[in-house]
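Working through the structure, step by step
Given next are the chains, with one letter for each unit.
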Amino acid sequence: MSDEPKPGGQLTRDVGFGWFRRAAGASDTTMCPLAPQADSVKTARDVTRTTLQQWGLSELSDDAALVVSELVTNAVRYALYPANRSGDRPITLTLLRIAPHVLLAVSDPSDQAPSPVQPDFVSEHGRGLYIVETYSQAWGWDALDEGGKAVWALFRTGD
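Structural notes, computed from the coordinates. (Residues numbered from 1 in each chain as written. Predicted model: local features only at pLDDT ≥ 70, side-chain atom pairs only at ≥ 80, totals over all residues. Heavy atoms only, no water.)

1. Describing helix α2 (residues 40-54)
- Here α2 is 15 residues long and its end C-alpha atoms lie 21 Å apart, about the 21 Å a rise of 1.5 Å per residue gives.
- Regarding α2, the residues found buried are S40, V41, A44, V47, T48, T51 and L52. Viewed along the axis of α2, the buried residues span an arc of 125°, placing them on a single side of the element. Across α2 from its buried face, at more than 90 degrees, point the exposed residues Q53 and Q54.
- The secondary structure elements touched by the buried residues of α2 are β1 (29-34), α3 (61-78), β2 (91-98) and β3 (101-108).
- Looking one or two residues past α2, G56 carries a phi angle of roughly 75°, positive in sign. (Helix = DSSP H or I, 4+ residues; strand = E, 2+ residues; numbered from the N terminus. Expected span 1.5 Å × (residues − 1). Buried < 20%, exposed > 50% of the residue type's maximum accessible area, 1.4 Å probe, protein only. Arc of directions from axis to C-beta. Contact = heavy atoms within 4.5 Å.)

Below, the structure written as C-alpha cells:
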C-alpha cells in the first residue's frame, strides 16, 4: 500500500482504509459502534447523513446513506462473530474526510473477505456490493491489524 494517494486525486483500491485512517484529523473523523442487528442499518444511515451535513457535504447524503446501508447489512448478515471473540468488538462505522474525498468504512470482526457476486435483480439478496461499486468512486477492503476487516467505499466531494 502506498503512503500517499495517487497524483491528481486518482485514488484506487491501492490506497484503502489504512491510509485514510492515518491521514484524517479528529475533526474529520466520525466513528460509531453498531450492534450486529438489523436496526443498526438505520443508525448507520442517520449517522452518515448527520455527519455529512455537519461537514457541509449534504449533496453526498443519499448515495452515501445507500452505500452505508449495504455495507452494514453485509456486516450484520455475513460477518458472524467467532465463538471465542463474541461481543468483544462490535461492527464499527467510520467516516473519514480528506478533501476532496470522503471514505465510509464498516469494520467487523470477521476475517472473511467480501465476495461480490453477479447481481440477480429478481432476488432480494446479492446486489449489495454491486450497489456499493455503482454509487462510489472506488471500494475495497483491508484486513485490520487487530483482526477482522474494514470494507470501505470512497466518494469524491465537490471540493
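2. Re helix α4 (residues 128-135)
- Looking only at α4, the buried set comprises G128, L129, I131 and V132. For α4, the buried positions fall inside an angular range of 155° around the axis, keeping them on one side.
- On its buried face, α4 sits against α3, β4 (138-143) and β5 (149-156).

3. Thoughts on the sheet that holds β2
- Spatial strand order, β1-β2-β3-β5-β4: five strands in an open sheet with antiparallel pairing. Lying at the two open borders of the sheet, with one neighbouring strand each, are β1 and β4. Neighbour-to-neighbour, the strand axes of the sheet open up by a mean angle of 15°, direction not taken into account.
- Where β4 meets β5, six bridges bridge the pair, whose relative direction is antiparallel. For G140, the partnering residue across the bridge sits in β5 and is W152.
- Set on the sheet, α2 makes contact with β1, β2 and β3; between it and β1 the angle comes to about 170°. (Pairing = 2+ DSSP bridges. Axes fitted to C-alpha atoms, helices over the stretch in contact; angles between N-to-C directions.)

4. Concerning the pattern of salt bridges
- Enumeration over the complete set of coordinates arrives at five salt bridges.
- In this structure, the salt-bridge partner of R21 is E146, at a minimum N-O distance of 4.0 Å. Of this pair, R21 sits in helix α1 (residues 16-23) while E146 sits in the loop between β4 and β5; the two residues are 125 residues apart in sequence, bridging distant segments of the chain.
- Given a relative accessible area of 46%, E146 falls into the partly exposed group.
- Here K42 ties to D46 by a salt bridge, and the two come within 2.6 Å at their closest N and O atoms. Here K42 pairs with D46, and both are found in helix α2, just four residues apart, close to one helical turn.
- According to the relative accessible area criterion, D46 is partly exposed, its value standing at 35%. (Salt bridge = Lys/Arg side-chain N within 4 Å of Asp/Glu carboxyl O.)

Read these as geometric descriptors, not functional statements.
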